[in-house]
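Residue strings, one per chain:
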Amino acid sequence: MTETRGKVVGVNGNMVSVEVDGNISLNEVGYVVIGDKKLKAEVIRIRGNRAELQVFEMTRGIGVGDPVEFSGELLAVELGPGLLSMIYDGLQNPLPELAEQCGFFLERGVYLPALNRTTKWTFTPKVEVGDTVTAADTLGTVPEGIFDHRIMVPFDMTETYTVKSIVSKGDYTVEDQVVELEDSKGNVSQLTMKFEWPVKRAISNYEERLKTGEQMVTKLRIVDTFIPVSLGGTYCIPGPFGAGKTVMQQITSRNAEVDIVIIAACGERAGEVVETLREFPELTDPRTGRTLMERTVIICNTSSMPVAAREASVYTAVTLAEYYRQMGLHVLVLADSTSRWAQAMREMSGRLEEIPGEEAFPAYLESVIAGFYERSGLVRLKDGTKGSVTIGGSVSPAGGNFEEPVTQATLKVVGAFHGLSRERSDARKYPAIDPLDSWSKYPGSVDKDATEYARSILFRGNEVDQMMKVVGEEGTSLDDYVIYQKGEFMDAVYLQQNAFDPVDAAVSVERQQHIFGVMMQILASEFGFEGKDEARMFFNELRQKFIDYNGSEWDGDDFKKLEQEILDQVESKKSGVDRLAVDILETTKA
Amino acid sequence: MQKVYSKIDAIQGNVITVTASGVRYGDLATVNSSHGTSLAEVIRLNGTNVSMQVFTGGRGISTGDEVRFLGHSMKISFSDNLLGRIFDGSGRPRDNGPTLEENLIEIGGPSVNPARRVIPRNMIRTGIPMIDVFNTLVESQKLPIFSVSGEPYNDLLSRIAMQAEVDMIILAGIGLKYDDYLTFREQLEEGGAMARTIFFVHTASDPIVESLLVPDVSLAVAERFALKGKRVLVLLTDMTNFADSMKEIAITMEQVPSNRGYPGDLYSQLAARYEKAVDFEGAGSITILGATTMPGDDVTHPVPDNTGYITEGQYYLRNGRIEPFGSLSRLKQLVNDKTRKDHRAIMDGMIRLYAAYKESLEKKSMGFRMGEWDNKLLKYGEAFERTMMDLSVNIPLEEALDKGWEILADCFDANETGLKSELLREFWPKKEGQRQESA
């Protein structure tokens, strides 16, 4: 706490105005004292001796004249071993521990340490007395789950230091002193395994930021093949309510091939978080054989929790991600939903009586969104290893209309757009990503020419479908009708994926490439049908077989048998090959 | 601190401002005017300027009226004596019964810790096939009924109130037409459900500030009953009126409007209410059914749109029926595998065939020739609408499933339904003749 004192002079919703008698800084944390409780708040505007603070709790009961204390520190999170598998609120309060203390309800003004103070970690020193180190250098490691958690020189220690002392290998808590560092002037810093970092400042202690390119596999066919995401990249999932944004995020959090997943449940339903909370400890991560929870951190600030903390929660999530990135790990941040975060900003901006922009969102909306997504990236660390932060944000556009400010501001800065459509979710076509509207700037698992060809079939099939609605099946030529059937076929067997089928739920890249090749042979073939009925029957049968094929064990007997059946059936009616596809077939050949 | 002020500086709409000190945010005050005494709640503090919304409205208040601060925030009496009673938004009796003042509890309390929530697991039976079979209501679910003015959503709610298998009902009326209020009361009295019901009713002619309190008061009481082990069903009608009241106050307070005049925190405000739905492990639960009328039948209007993002599915009520398409109970998968093994199959199968019926109907209206299959579908669709979609039907789930099989057997051959053979063997009704033999 600093010397600066203040007193409340106004209350408006979750914003309090405070008169201060000393120095304060923007985004500094302060506490409004009412009775025996201290409510955490953040300074968001300073004018003369008057400051506005957003309070991270309910403001009922605050009166004019109540004292305010200032911490002198920015809103920060605690970094150190023990973050994984934790469930935090937006301000990094551990929720299960809070429940133990307060019961069913979130009592205001109760703040608990983020990292367990009694757990002992086995620390192995990596430097010796006399070594010189700088910020983010590894001093030692502790095993955390399956990872070697690096204990690093705090990122804000900007000088070069000499190791003055270091403990020997052994068990320590996060509060035990493990290292002493001495700077050039002889000042000694005593370090434990934890330190703090302000959430709104990006961690930049790396050698260089690299161009993204390596794919982040999600095991969703439509994503990995058509609209892929790279490690260190960004993507957004906008969609109207009920289109399955949250389910998409949940599936990705389970299957994504990354080291760590950080879920920021930001202003959404509590029920959805509960599913993750209860299921993840039961599910096994196929990559490690341990529970999924061990690679997951959940930041949970659901819709009925205080709005100001919602704004902080996405920053808390990305800061934790950057911290693990510094250990050479690939981290995925899933923010659901960024619209709620933007709305939190809008509420605050309204209370500050700022001049509103479009739909009353603040004018700085775009730069703030851009700043957030730009904290992603693939980096080369000082020791040469690579780490990345990938950010996937869902967007909940008002009325399902993508023209609104948050979606548009997001689209400007992301590398991939996975637009969900109400039409597809109503038709129970899952994942309900619109294959024609969505796009990605990242390279995927299948050659671009091939996916473009497949997409063109889909596009033309869709056109024929639209036309058929007007002129009826009778008025459509057989050739057009076959293209329509091909498009529908591809949609049913490749774009849609059954999340409840144990095999189909997660498809490896290898398998994707293989079955894409098989599908290409069907899409590129020309067929000699007598009439539309025959064509329809042909594709219906083929579709049924392909769905069974999708549900069969990779490279198993059933898989091979069904594949042969599919190819035989195609061969039986094949009359030629589309000449545009000849070259492509060479590249996708299974 | 019980200080009296006798000078009101500003009166604007329902908001008055006095110069006072020692007042806390959210505190209550009484305003004595020549028309009687009203409560008022502090909604903004700015130095010594205290702004309050007056529950009975600003009309007729004089600058010389007396304002007395009570030194606490809005509270409501809580006890079993509430059951069977009718109150207004600020907790005053509407039914000539005694005023309740014991055991006051705070309203609008903190939200439930997500770490203490459990995955919903119990079905609430309502006796309405369109709900029980096709979009099962689940304990601790929050679900709105999207409808338009003129649809019988209040009738549906009172039917659910009477038939639902819960311990008690709290009916929160917001901007109810007086007639609707009387109908509710009459129906529940006739149905014998009054003894397990509490009414908090704000009618359309009451001051709008009171309407803002109705959901909070109702949910605070519900929460206490739930903590005592009761399974409570809260019916909110109509939440669009609640949003409109919020809009009115926000505009009076000169807040910057965000979308069609609604305040920027509309989502958070609605969520704070709906998220009160919860299943307390080891105690009771709160389930919320709300009516949301969509102005102009437009689901992208801010109120239904924001509601849809908060709730766990929705029922569309159109033409006096719950629409099978669009309506969705997002939690039904959690319970409908434990009811009867044909439940899911009947649910999916009948809807799929009903969708096919709609297509045939469309073809028919466009003048296309009807085949044999089309005629079967037309017969089926008609029977489905008559038997299953009629909201006045009150039958248990099992009976409804049996009825489903009957309709299917009446209209189709077993292999046309696309249902699993295993289920067909067990549930497909025997032909008329055979049934008589066995009887």
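Analysis parameters
Residues numbered from 1 in each chain as written. Chains lettered and ligands numbered in written order. Predicted model: local features only at pLDDT ≥ 70, side-chain atom pairs only at ≥ 80, totals over all residues. Core = buried A, V, L, I, M, F, W, Y, C linked by C-beta atoms within 7 Å. Buried ≥ 20, exposed ≤ 12 C-beta atoms within 10 Å, placed from the backbone. Contact = placed C-beta atoms within 7 Å. Domains from an automatic or database assignment. Pairing = 2+ DSSP bridges. Helix = DSSP H or I, 4+ residues; strand = E, 2+ residues; numbered from the N terminus. Expected span 1.5 Å × (residues − 1). Arc of directions from axis to C-beta. Nonpolar A, V, L, I, M, F, W, Y, C, P; charged D, E, K, R; others polar. Axes fitted to C-alpha atoms, helices over the stretch in contact; angles between N-to-C directions. Parallel < 35°, antiparallel > 145°, perpendicular 65-115°, else oblique. Left-handed = near helix turned anticlockwise from the far one by under 90°.

A.B. asks: What am I meant to see in the nonpolar core here?
C.D. replies: Generally speaking, nonpolar side chains in soluble globular proteins are found buried as a group. Core analysis: the largest hydrophobic core is formed by 278 residues, its most contacted members being Ile 262, Ala 264 and Val 333 of chain A together with Ile 170 and Val 234 of chain B. What Ile 170 of chain B contacts, discounting residues up to four positions off in sequence, is Ile 198, Phe 200, Ser 218, Val 221, Ala 222, Val 232 and Val 234 of chain B.

A.B. asks: So what exactly am I meant to see when it comes to the domain arrangement of chain B here?
C.D. replies: Interface size is commonly expressed as the accessible surface area that is lost when the partners come together. Here the domain parsing of chain B yields domain 1 (4–73), domain 2 (77–334) and domain 3 (343–438). Between domain 1 of chain B and domain 3 of chain B, the C-alpha centre-to-centre distance is 62 Å.

A.B. asks: Whenever I open this one, the sheet that holds strand S16 (residues 188–191) of chain A confuses me. Can you help?
C.D. replies: Backbone-to-backbone hydrogen bonds join strands into a sheet, with any given pair of strands oriented parallel or antiparallel. All names here are of chain A. Here we have 4 strands laid out as an open sheet, ordered S10-S13-S15-S16, and antiparallel in their pairing. Lying at the two open borders of the sheet, with one neighbouring strand each, are strand S10 (132–133) and S16. Judged from the 2 bridges that link them, S10 and strand S13 (residues 161–166) form a sheet pairing that is antiparallel. Of the residues in S13, the one forming a bridge with Val 133 is Tyr 161.

A.B. asks: It is not clear to me how the environment of Gly 487 of chain A should be interpreted in this structure. Could you clarify?
C.D. replies: Residues and elements named next belong to chain A. Residue placement: Gly 487 occurs in helix H11 (residues 478–495). Classification of Gly 487 as buried rests on a count of 25 C-beta atoms within 10 Å. The sequence separation of Gly 487 and Asn 401 amounts to 86 residues, and the corresponding C-alpha distance is 26 Å. Every residue in contact with Gly 487, bar those within four places of it in the chain, is listed here: Ile 457, Leu 458, Arg 460, Gly 461 and Asn 462.

A.B. asks: Just checking my understanding: could you explain helix H13 (residues 532–550) of chain A for this structure?
C.D. replies: Residue and element names in this part refer to chain A. Along its 19 residues, H13 runs 26 Å from first to last C-alpha, staying within 8% of the 27 Å computed at 1.5 Å per residue. Among the residues of H13, Phe 539, Leu 542, Phe 546, Tyr 549 and Asn 550 are the ones counted as buried. Down the axis, H13 shows its buried residues gathered within 85° of arc, on one side only. Set apart from the buried face of H13 by more than 90 degrees, the exposed residues are Asp 533, Met 537 and Gln 544. Next to the buried residues of H13 lie H11, helix H12 (509–524) and helix H14 (557–573).

A.B. asks: Looking at this structure, how should I read the interface of chain A and chain B?
C.D. replies: Taken together, the 49 residues of chain A in the interface contact 42 residues of chain B. Elements with a minimum of two residues in the side of chain A that touches chain B: strand S1 (5–12), helix H1 (95–102), helix H4 (270–279) and helix H6 (338–351) of chain A. Ranked by the residues each element gives to the side of chain A that touches chain B, the list is headed by H4 of chain A, at 7 residues. In terms of residue class, the side of chain A that touches chain B is made up of 24 nonpolar, 16 polar and 9 charged. Bridging between S1 of chain A and strand S5 (residues 36–46) of chain B involves 2 bridges; their strand directions are antiparallel. Residue pairing across strands places Val 11 of chain A opposite Leu 45 of chain B, the latter belonging to S5 of chain B.

A.B. asks: What is the right way to look at the sheet that holds strand S12 (residues 147–152) of chain A in this model?
C.D. replies: Residues and elements named next belong to chain A. Reading across from one edge, S12-S11-S9-S14 is the order of the 4 strands in this open sheet, with antiparallel pairing throughout. Each edge of the sheet is formed by a strand with only one pairing partner; in this case those strands are S12 and strand S14 (170–172). The sheet shows a mean angle of 40° between the axes of neighbouring strands, taken without regard to direction. Pairing between strand S9 (residues 121–125) and S14: 3 bridges, direction antiparallel. Note that in S14 the partner of Thr 122 across the bridge is Asp 171.

A.B. asks: Teacher, can you tell me more about the packing of helix H6 (residues 266–274) of chain B against helix H7 (residues 302–310) of chain B here?
C.D. replies: When two helices pack together, their arrangement is given by the angle between the helix axes and by the axis-to-axis distance. Residue and element names in this part refer to chain B. Two elements in contact, H6 and H7, have axes separated by 9 Å at closest approach and are oriented at 50°. With respect to each other, H6 and H7 are oriented oblique. Relative to H7, H6 is oriented so that their crossing is right-handed. Between H6 and H7, the residues in contact are Leu 266, Tyr 267, Leu 270, Ala 271 and Tyr 274 and Pro 302, Asn 306, Thr 307, Tyr 309 and Ile 310, respectively. Tallied by class, the residues present in the contact of H6 with H7 amount to 8 nonpolar, 2 polar and no charged.

A.B. asks: I keep staring at helix H3 (residues 178–190) of chain B and nothing clicks. Help me out?
C.D. replies: It helps to recall that an α-helix has 3.6 residues per turn; residues three or four apart then point in one direction. Residue and element names in this part refer to chain B. End to end, H3 covers 18 Å across 13 residues, agreeing with the expected 18 Å (1.5 Å per residue, within 8%). Turning to H3, its buried residues number three or more, namely Asp 180, Tyr 181, Phe 184 and Leu 188. Buried residues in H3, looked at end-on, bunch into an arc of 105°, giving them a common side. Within H3, the exposed residues directed more than 90 degrees away from the buried face are Tyr 178, Asp 179, Leu 182, Glu 186 and Glu 190. Taken together, the buried residues of H3 touch helix H2 (153–163), strand S14 (168–176) and strand S15 (197–203). Once H3 finishes, Gly 192 follows within two positions and takes phi at roughly 75°, a positive value.

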